[in-house]
Amino acid sequence: MFKRDWNRRTCAKRGHITYAPAEPELAARLHAATALGDAWRCLRCGDFALGAPHGSGPAQDAPLVPRGKALRDLFILRFLAVERVLRGIVIILIAWGVWKFSNSQDAVHRVFDEDLTVFRPVADHFHWDLEHAPIVETIRKTFGFQKKTLLIVAGALVAYALIEIVEAVGLWLNKRWAEYLTVVATAAFLPLEGYELSHHVSAVKICTLVLNIAAVLWIMLSKRLFGLRGGVVAFEAERHSASLLEVEEAAGTVPHPGHGAHTRA
């Protein structure tokens, strides 16, 4: 079965990341002298790349480059980050609409009643009780809200949107605090989403609820939050164990340089 190579896929788009460790034995395993010049092993995909290393120094100071499972997880986190940015923008637009409505509530009410009068003959022709239609009653209820209440709703929506955007930034940067914030904030709204779904079922609401539940469970388990699966200690150990330099320190040899490179005599 075809398996996606996240390491090489990322390097193909962003380029290799090389590092020359100060430890001679380790440097010798990561370096290859070729007919085209020096080549250093990429910390992400493991292939040898021609040219000077991007950094050098003690192995412990080498950048911790996401690779393998960590790289795949980062891709998923960034997908969630994009989804939250889009959601935050939509919520801000809704908040703006509520604020505009609060400043022109009476005018909108008059326009609504005038437009409703135009549709009454059509509704009567099809024997549809327009006055007691659910959507009409819902809109009319909003006209009864006080301006202060609408401003509070708009402010709450802005606050919610800001939380979504902060989550997005943190998830994009792969910050652990953002993972906790995402889990807590998303889980807090799951009962409300379930309540809304019980009153009105729609494909969008079902997909949103399923996505949020899956996101909460995946982040908690894969990132070992709240002490799950060994907690932060096990998470950091797993993250560091995927580092190419640590793998090389534990191993005595590396594969022969690829891509047609020839070692000098």
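Everything numeric here is computed off the predicted structure, so don't read it as measured data.

Conventions we followed
Residues numbered from 1 in each chain as written. Predicted model: local features only at pLDDT ≥ 70, side-chain atom pairs only at ≥ 80, totals over all residues. Heavy atoms only, no water. Helix = DSSP H or I, 4+ residues; strand = E, 2+ residues; numbered from the N terminus. Phe/Tyr/Trp six-rings, centres within 6.5 Å; stacked < 30°, edge-to-face > 60°. Buried < 20%, exposed > 50% of the residue type's maximum accessible area, 1.4 Å probe, protein only. Axes fitted to C-alpha atoms, helices over the stretch in contact; angles between N-to-C directions. Parallel < 35°, antiparallel > 145°, perpendicular 65-115°, else oblique. Left-handed = near helix turned anticlockwise from the far one by under 90°. Contact = heavy atoms within 4.5 Å. Pairing = 2+ DSSP bridges.

## Some words on the environment of Leu162
Take Leu162: it is sitting in helix α6 (residues 147-172). Spatially, the C-alpha atoms of Leu162 and Val85 are 9.3 Å apart, while their sequence positions differ by 77 residues.

## Structural notes on the packing of aromatic side chains
On inspection of all chains with the given rule, the structure shows three aromatic pairs. On the basis of an interplanar angle of 45° and a centroid distance of 5.2 Å, the ring pair of Trp6 and Phe75 is categorised as tilted. Remark: Phe75 occurs in helix α3 (residues 69-103) and Trp6 occurs in helix α1 (residues 6-14); sequence separation between them is 69 residues. Judged by its relative accessible area of 18%, Trp6 falls in the buried class. Given a relative accessible area of 44%, Phe75 falls into the partly exposed group.

## Regarding the packing of helix α7 (residues 176-199) against helix α8 (residues 203-222)
In the contact formed by α7 and α8, the axes pass within 9 Å of each other and the chain directions differ by 150°. Viewed along their axes, α7 and α8 adopt a mutual orientation that is roughly antiparallel. In the packing of α7 onto α8, the handedness of the crossing is left-handed. Only Lys205, Ile206, Thr208, Leu209, Asn212, Ile213, Val216, Ile219 and Met220 of α8 make contact with α7, whose side of the interface consists of Glu179, Thr182, Val183, Thr186, Ala187, Leu190, Glu193, Gly194, Glu196 and Leu197.

## Let's talk about the pairing of strand β3 (residues 37-41)
Along β3, four of the five residues are buried, which leaves the element largely enclosed by surrounding structure. As judged from the four bridges shared by strand β2 (residues 31-34) and β3, these two strands associate in the antiparallel manner. Residue pairing for β3: Ala33 is matched across the bridge by Asp38. If you look at the hairpin formed by β2 and β3, you'll find two residues sitting between the two strands. Pairing analysis gives three bridges linking β3 to strand β4 (residues 48-50), with the strands arranged antiparallel.

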